[in-house]
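Structural overview for review
Here are the chains, one letter per residue:
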Amino acid sequence: RYFAIKGLAELARVLLHIGNIPFEDIRYPFQRKEDGGINWSEDYLEAKKSGAFAANMDRVPDLEIDGFHLGQSKAIEKYISRRCNLLGSSPRDEALIDNVVENIRDIKEKYGKIRWSPDGPEKVAATAKWFNEELKEWLVKLERSLPTNGSDVFVVGTKVSHADVAIWNLLRDYFTVEGAAKVEQEAGVTRLTAIANRVAEIENLKKYLAERPAYPF
């Protein structure tokens, strides 16, 4: 259960599709009011009132599996990844995957502070600086954080993991500004690019993206 946006649930949706796990994707619509407030859908308000989101402290995303609820986006992603065998083949692999996923979370949070700041000259300047300078620096750091591996197209081992999908999500599906692709090229992060390209070729992912609704963000 989540809103009808990408937000904190889209990577979990992608992982479920890649893992070929059938699921009910409940998306709550909402509308922004002229005064800046939000009109929430009745089904969202009813679900919240019923306690459906208690595992996430009355927030979404919420994943319900076999009678129990799981909140927190990263906990949801990791649960799905374990079910889909996307956490490597050893405790070491899993730890390295977690490391990369958390590094990506840091980058998203850095940009999120700019993206959701009040509109105005300061936001315009900060956004320009992010895409002209800061994102490139962060991508270089992210590539350096990848563990040494015999393959250039996987973070660990010889198959796709949660970390690989998270890299694809960051580079190809997170930023809505066209300049992000240019930054990736200028940064020269060839291993990140190769990993993202490899994930993009997964048939289940391509099928999902072809059918995915057009989200506002």
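One structure accompanies this document, and this report is about it. (Residues numbered from 1 in each chain as written. Predicted model: local features only at pLDDT ≥ 70, side-chain atom pairs only at ≥ 80, totals over all residues. Heavy atoms only, no water.)

**Comments concerning the nonpolar core**
Within the largest apolar cluster, 52 residues are counted, with the highest numbers of intra-cluster contacts made by Ile167 and Phe175. The element that contributes the greatest number of residues to this core is helix α6 (residues 162-174), accounting for eight residues. Apart from residues no more than four positions distant in its own chain, Ile167 is found in contact with Val100, Ile104, Leu146, Val155, Leu192 and Ile195. Core analysis: the next-biggest nonpolar cluster, separate from the first, contains ten residues, Tyr2, Tyr44, Phe53 and Val60 among them. (Core = buried A, V, L, I, M, F, W, Y, C linked by side-chain atoms within 4.5 Å. Buried < 20%, exposed > 50% of the residue type's maximum accessible area, 1.4 Å probe, protein only. Helix = DSSP H or I, 4+ residues; strand = E, 2+ residues; numbered from the N terminus. Contact = heavy atoms within 4.5 Å.)

**Structural notes on the pattern of salt bridges**
Counted by the stated rule, this structure contains 18 salt bridges. Across the pair Arg212 and Glu10 runs a salt bridge whose closest N-O atoms are separated by 2.9 Å. Residue Arg212 is found in the segment after α9 (203-211), and its partner Glu10 is found in helix α1 (residues 10-18); the two are separated by 202 residues along the sequence. Take Arg212 and Glu10: they sit in the same class, and that class is buried. (Salt bridge = Lys/Arg side-chain N within 4 Å of Asp/Glu carboxyl O.)

**Describing the packing of aromatic side chains**
The final tally for this structure, using the stated rule, is 17 aromatic pairs. Each ring, one from Phe3 and one from Phe30, has its centre 5.7 Å from the other, and the planes form 75°; the classification is edge-to-face. Linking Phe3 in strand β1 (residues 2-3) with Phe30 in strand β3 (residues 30-32), this pair joins segments that are 27 residues apart in sequence. Look at Phe3 and you get buried, because its relative accessible area is 12%. You can call Phe30 partly exposed: its relative accessible area is 22%. Ring plane angle 65° and centroid distance 5.3 Å describe the contact between Trp116 and Phe217, whose orientation is recorded as edge-to-face. Taken together, the residues span a long stretch of sequence, with Trp116 in the loop between α4 (91-115) and α5 (121-145) and Phe217 in the segment after α9 at a distance of 101 residues. Residue Trp116 is classed as exposed on the basis of its relative accessible area of 53%. Through a chain of ring-to-ring contacts, the aromatic side chains of Tyr2, Phe3, Tyr28, Phe30, Trp40, Tyr44 and Phe53 assemble into a single cluster. (Phe/Tyr/Trp six-rings, centres within 6.5 Å; stacked < 30°, edge-to-face > 60°.)

**As for the packing of helix α3 (residues 73-83) against α4**
Taken N-terminus to C-terminus, the directions of α3 and α4 make an angle of 145°; their axes are 12 Å apart at the nearest point. Viewed along their axes, α3 and α4 form a crossing whose handedness is right-handed. Of the residues in α4, those in contact with Lys74, Glu77, Lys78 and Arg82 of α3 are Glu94, Asp98, Val101, Glu102 and Arg105. The residue makeup of the contact of α3 with α4, split by class, is one nonpolar, no polar and eight charged. (Axes fitted to C-alpha atoms, helices over the stretch in contact; angles between N-to-C directions. Left-handed = near helix turned anticlockwise from the far one by under 90°. Nonpolar A, V, L, I, M, F, W, Y, C, P; charged D, E, K, R; others polar.)

The quantities given are spatial measurements derived from coordinates; they are silent on function.
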